[in-house]
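Observations on chain architecture
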Amino acid sequence: MGNPGEKQSIAPSSSVGRVVIDEIRHAPVLGLIVFVPVVILLERIFPDRHTLLFLASVVAIVPLAALLSRATEAVAAKTGDAVGGLLNATLGNLTELVISLAALQAGQYLLVKASLAGAIVTNTLFMLGGSFLLGGLKHHVQEFNRVNARFQACLLFLATIAVLVPSLISEVDQPPALDVSQKLSLGLAILLIAVYALGMLFSLRTHRELFASVSHAEEDEKLWPLGLSIAILVVVTLLVALVSEIFVGSVQAAAEHLGMTPAFVGFIVVALVGAAAEMTTAFSAARANRLDLSIGIALGSAAQIALFVAPVLVLVSYFIGPEPMTLQFWQGAVTMMIVATLAATLLSNGGRGAWYAGVMALALYAIFAFTLFVLPPTNPS
Amino acid sequence: MGNPGEKQSIAPSSSVGRVVIDEIRHAPVLGLIVFVPVVILLERIFPDRHTLLFLASVVAIVPLAALLSRATEAVAAKTGDAVGGLLNATLGNLTELVISLAALQAGQYLLVKASLAGAIVTNTLFMLGGSFLLGGLKHHVQEFNRVNARFQACLLFLATIAVLVPSLISEVDQPPALDVSQKLSLGLAILLIAVYALGMLFSLRTHRELFASVSHAEEDEKLWPLGLSIAILVVVTLLVALVSEIFVGSVQAAAEHLGMTPAFVGFIVVALVGAAAEMTTAFSAARANRLDLSIGIALGSAAQIALFVAPVLVLVSYFIGPEPMTLQFWQGAVTMMIVATLAATLLSNGGRGAWYAGVMALALYAIFAFTLFVLPPTNPS
Amino acid sequence: MGNPGEKQSIAPSSSVGRVVIDEIRHAPVLGLIVFVPVVILLERIFPDRHTLLFLASVVAIVPLAALLSRATEAVAAKTGDAVGGLLNATLGNLTELVISLAALQAGQYLLVKASLAGAIVTNTLFMLGGSFLLGGLKHHVQEFNRVNARFQACLLFLATIAVLVPSLISEVDQPPALDVSQKLSLGLAILLIAVYALGMLFSLRTHRELFASVSHAEEDEKLWPLGLSIAILVVVTLLVALVSEIFVGSVQAAAEHLGMTPAFVGFIVVALVGAAAEMTTAFSAARANRLDLSIGIALGSAAQIALFVAPVLVLVSYFIGPEPMTLQFWQGAVTMMIVATLAATLLSNGGRGAWYAGVMALALYAIFAFTLFVLPPTNPS
């Protein structure tokens, strides 16, 4: 499998531009790439039209995220399983990471934390729920590898709890001094990254056979050549960084104008935008009756954010932010993450999917979104 | 099956009164029906003997709930599976609904919320625990359809969480303004009813084969003719409404006199009374080694209250209450509902029941009841 | 099996001293027994060297706990299954009980509660995680009796919730008056002991075949003769009581000197010391591919503390403490116990163990320990 695809894509004269045009024909969402120059131009001409810049940058990030995701996969596939898996696992949430870095640099910690919590909730409820629903509308009952789903859910549960413990423990007594909280967050960030590294050792080396069905299924697409992929990876990451900066600069004013708080924007809008590319993959996998793959992407991506992206941002905040960021979330976010994780655990526990499982997950997501919209958190930390 | 029963009950000259007397012979609990005229008379003669009226109305509701439950089943069975299932699912908690409506009209929102939370906890712990215990004392180990139990528990978990999210999110920051809270509750109520309607579509239409064992088992009793059933349904509902009004009018003064708070009365007493009829069915099913049916009634009924009865009361409160009711519960109730749901999930997860599972569930219920009795909530909202 | 071992140990001229020396050869940890006279002497000579006394008493308790554990097992094995199981189940956490009694008598209720909560968390995360890790490093994937593990996890979950309900319900409104809280705790303690007694009836009498693999595996060691075992049981219990008194008397000053709060000492240090003996058994069972036994010891011991040791301490506090102890824990402890229990449930649910499951449990434990160290609870109740 993949032979005709490889022939097509390994054409020696292929250039970044040509591949991009070629891809757009197959995936119309990539056509939105024209918004990238548009948003950069707009920002020069109308630096104060925040709502316009916000909307344009949201639209521009979607095709960039899709390209990033494809390029990462291609590089991962070419460099052999161990390094490739490592790359895939590490760069899988590159879009979220770059957006968060832009927000971090601007000192918008509430936006950073909202987008982290939102990405976890969106992946576990919206992506998983959408996969169950779309897959279930086509197939009556879908069986999936329960052992694998359970492992992913277990990892996600522990990862979520790990991120949340400081919030849970500290909320209950008087809030700790900021320096104590920073010290705690730094130690936990290092611990979480170590757990993540061991998790990769486990899933890519010592027990890779347990994760077989997921990684196998992903090889099914045609892949770009290595040099091109790396070029795309670098160029697109820079573009995401550029657009993210515009996005972060406009989000606060735009959100106010549209009647949304930064928390709502981070939790729902950024999370949906950042995960757009992975969602496309998860949803089409579900319709192709490969629910294993959908669940792996949804829960694996959520776990990665909790175990890798969040701790990395804490470490990086020591160098680029106005002050070190902590791992303390506001308690509503804590509640939503735990509930989402428990729901994912319950839904993936049975080894069978049907459309109503999707309805339940999406309803929970709608409840969260609606609650956040009507009742924004007031705690600005 | 059911042929001799039908012959007996389709006698053309049968009247409401005759059927009632006939039923009493088989189910002695129906003899308590004499308390219905007694309580109505008592209320005319001694309108201020609150404790007497309270006790008499509690006793009078039990046989009415039993009749209501039988009549609903009979109408459901006669009108074909789709409409019947719809009716059964919608009217299954009619007693709770009517009592709550009476409390709603009197503006006793704490009583309404306590009885909703109490019904969920009572169904998941007391009814499930009693079924495990009574079934387990007769049968060493009881196997049950794990897939079905897991689906019911999953639905209940999501339903409970859904009702609780506003409470969970809003408790943590400063309490929101009342109008924000009402807006949120209205939106969530509509969403929950939509999820409930889709759940009926799922279980009665698209995936009814998954729920086969439960609905099949229920057809096992002799049923009343359709016209009679509808007559009983209407008459008994009116009687429940009458008695409920007396109950609600006397409960506050009586509770004080008996040393109980309205919260305790709503959580424990009303919940036990309202679920008395279903409990009889669940317990005898457990002793007949049909634990599937017991679990279906217990968890299904709890889910119905969270997904249907509570949202309907929110909507109705816009028309009959002094002001719109919200979905915000006091935090102790939230905790008890979540714990009860998790316990039910764990106990029904294994697919096997034994008497000690019942002891554990009942002990948890006793802990809740005792705690509420000794330490009543002080939050009057 | 065990024949050569029995021959060796049933030598008629054996005395307590000789057996002890014999054992030390096989289990070097018992060599630490020399610290018992050392710590008693030290306390006479330097009653104010708190840090020295603290460290010496911690070291002295480890071998005593190991001896106590062996003696209990031996007595249990000799007295027949029913009485033996009862003894084993009742005296299994004798070390924790004696240490807690010493702390209770000194009125150090925070230390008592921290060590109870810490023992539950240490058994469920550290002992279970260590077993998964050590077993998994030797065996690729370990299968275990899922039904049994699930039952133990279920019992533990309900036990933990039971202990926590008063804390959960009372935290949310204003704290109740002390006498109300004491009344509640007394009632719950009696209820929990009754549930525990019924649990023994269930696992030792009516459904003992469900627990077969665990009790069978434990008979595998060589056992001491009955008279000797009882003598050791009595003597060592007295020694533990003596050393515990020194430990409790020195812990507060020593902890301050070492930069730790009593809560951290109770939660981590006392819990690890008290469970040292059981840990040795659980870890070597895991390496011998008997993960059933490891899980049984870890979760069973945690459940015993919640269902038996904690309630007994409440009852005893009416006689020996300065005032009755309540079952109210500070909320951070509540959170950690619930999270630990949920993690244990998830990890033991699949019926398969691998080294990374151990890493996850140990990471969670490290997070708790680090958080407690950096951010001690301020609530002194």
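Just so we're clear, the structure is a prediction, and the values are computed from it rather than from any experiment. (Residues numbered from 1 in each chain as written. Chains lettered and ligands numbered in written order. Predicted model: local features only at pLDDT ≥ 70, side-chain atom pairs only at ≥ 80, totals over all residues. Heavy atoms only, no water.)

1. Quick notes on the packing of aromatic side chains
Where two aromatic rings form a pair, the distance of their centres and the angle of their planes describe that pair. Under the convention used in this document: Each aromatic pair joins two rings of Phe, Tyr and Trp (for Trp, the six-membered one) with centres within 6.5 Å, and gets the label stacked for planes under 30 degrees apart, edge-to-face for over 60, and tilted for any other angle. Only runs of H or I of at least four residues qualify as helices and only runs of E of at least two qualify as strands under DSSP, and these elements are numbered from the N terminus. With a 1.4 Å probe rolled over the protein chains alone, any residue whose accessible area is under 20% of its type maximum counts as buried; one over 50% counts as exposed, and the rest are partly exposed. Charge-over-ring placement is defined geometrically: NZ (Lys) or CZ (Arg) within 6 Å of the ring centre, and within 35 degrees of the ring normal.
Summed over all chains, the structure comprises 24 aromatic pairs over all chains. When the ring of Y356(A) is compared with that of F202(B), the centres are 5.3 Å apart and the planes differ by 20°; the resulting orientation is stacked. Of this pair, Y356(A) sits in helix α16 (residues 355-374) while F202(B) sits in helix α9 (residues 178-206), each in a different chain. Judged by its relative accessible area of 1%, Y356(A) falls in the buried class. Feature note: the residues F202(A), W355(C) and Y356(C) constitute an aromatic cluster, connected by ring pairs. In this structure, R49(A) is placed above the aromatic ring of F46(A), and the distance from its NZ or CZ to the ring centre is 5.6 Å.

2. What to know about unusual backbone geometry
The general pattern is negative phi for most residues beyond glycine and trans for most peptide bonds. All names here are of chain B. In this structure, N289 is a non-glycine residue whose phi angle is positive, near 65°. As for its placement among the helices and strands, N289 is situated in the loop between α13 (276-287) and α14 (291-320). Using a relative accessible area of 39% as the deciding quantity, one classes N289 as partly exposed.

3. Things to note about the packing of helix α7 (residues 109-138) of chain C against helix α15 (residues 331-349) of chain C
Residues and elements named next belong to chain C. The test is simple: Geometry is summarised by axes, namely lines fitted to C-alpha atoms with helices restricted to the contacting stretch, and by angles between N-to-C directions that run from 0 to 180 degrees. Throughout, the term roughly parallel applies to angles under 35 degrees, roughly antiparallel to angles over 145, roughly perpendicular to angles from 65 to 115, and oblique to all others. Left-handed describes a crossing whose near helix is turned anticlockwise from the far helix through less than a right angle; right-handed describes the clockwise counterpart. We call two residues contacting when some pair of their heavy atoms lies within 4.5 Å. Classification used: nonpolar for Ala, Val, Leu, Ile, Met, Phe, Trp, Tyr, Cys and Pro, charged for Asp, Glu, Lys and Arg, polar for all others including Gly.
The geometry of α7 relative to α15 is characterised by a closest axis approach of 9 Å and an angle of 30° between their N-to-C directions. Judged by the inter-axis angle, α7 sits roughly parallel to α15. In this structure, the crossing between α7 and α15 has a hand that is left-handed. Facing α7, whose interface residues are A117, I120, V121, T124, L125, L128 and F132, α15 presents A333, M336, M337, A340, A343, A344 and L347. Residues that form the contact of α7 with α15 fall into these classes: 13 nonpolar, one polar and no charged.

4. As for the interface of chain A and chain C
What counts is decided by this rule: Summed over both partners, the accessible surface that disappears when two parts come together, traced with a 1.4 Å probe, is what is meant by buried area. By convention in these notes, a salt bridge is any Lys or Arg side-chain nitrogen within 4 Å of a carboxyl oxygen on Asp or Glu. Two N or O atoms form a polar contact when they lie within 3.5 Å of each other; inside protein one atom must be a possible hydrogen donor and the other a possible acceptor, and for residues adjacent in sequence the pair counts only when both atoms belong to side chains.
Tallying the contact residues gives 37 residues for chain A and 32 residues for chain C. With both chains or domains summed, chain A and chain C bury close to 3,100 Å², and 80% of this area falls on carbon and sulfur atoms. On inspection of chain A and its partner chain C, the count reaches zero salt bridges. At the boundary of chain A and chain C, one finds four residue pairs in polar contact (both at pLDDT 80 or more). Elements supplying a minimum of two residues to the side of chain A that touches chain C: α8 (146-172), α9 (178-206) and α15 (331-349) of chain A. The leading source of residues in the side of chain A that touches chain C is α8(A), at 15 residues.

5. Side note on the interface of chain B and chain A
In this complex, chain B contributes 37 residues to the contact, which on the side of chain A involves 32 residues. Each partner contributes to the roughly 3,100 Å² buried at the junction of chain B and chain A, and carbon and sulfur atoms together form 79% of this total. Where chain B touches chain A, the interface holds zero salt bridges. Inspection of the region where chain B meets chain A yields four residue pairs in polar contact (both at pLDDT 80 or more). For the side of chain B that touches chain A, the element with the highest residue contribution is helix α8 (residues 146-172) of chain B, accounting for 15 residues. Of the residues belonging to the side of chain B that touches chain A, the class tally is 24 nonpolar, eight polar and five charged.

6. Let's talk about the side chain of N123(B)
One can find N123(B) in helix α7 (residues 109-138). Residues in contact with N123(B), not counting those within four places in the same chain, are L128(B), A275(B), A298(B), S301(B), A302(B) and I305(B).

7. Observations concerning the relation of the copies chain A and chain C
Keep this limit in mind: Copies overlap after least-squares fitting; the atoms used are the C-alpha atoms of residues with pLDDT of at least 70 in both.
The transformation that overlays chain A on chain C combines an axial shift of 0.0 Å with a rotation of 120°, and the residual RMSD is 0.1 Å. On this basis, the relationship between the two copies can be described by a three-fold rotation axis.

8. Structural notes on helix α15 (residues 331-349) of chain B
Helical geometry note: an α-helix holds 3.6 residues per turn, so side chains three or four residues apart project in the same direction. The test is simple: Expected helix span is taken as 1.5 Å per residue step, with the number of steps being one fewer than the number of residues.
Helix length check: α15(B), at 19 residues, gives a terminal C-alpha distance of 27 Å against a target of 27 Å (1.5 Å per residue), a fit within 8%. Most of α15(B) sits out of view: 17 of its 19 residues are buried.

9. Examining the relation of the copies chain B and chain A
Mapping chain B onto chain A is achieved by rotating through 120° and translating by 0.0 Å along the same axis, at an RMSD of 0.0 Å. The fraction of interface residues of chain B whose copies in chain A are also interface residues is only 5%, indicating that the copies meet through different surfaces.

10. With respect to the confidence of the model for chain A
Caution applies to low-pLDDT regions: their predicted coordinates should not be interpreted in detail. To keep it simple, the criterion reads: A score from 0 to 100, pLDDT tells how confident the predictor is in each residue.
Mean pLDDT over chain A works out to 80, with 83% of the residues at or above the 70 mark. Within the model, the stretch residues 1-13 of chain A combines pLDDT values under 50 with 12 contacts to residues more than four positions away or in other chains.

11. Overview of helix α14 (residues 291-320) of chain A
What counts here: A residue's bend is the angle separating two fitted axes: one through the seven residues that end there, the other through the seven that start there.
Residue I305(A) marks the point of greatest curvature in α14(A), where the axis turns by about 40°. By the criterion of burial, α14(A) is predominantly enclosed, with 23 of the 30 residues buried.

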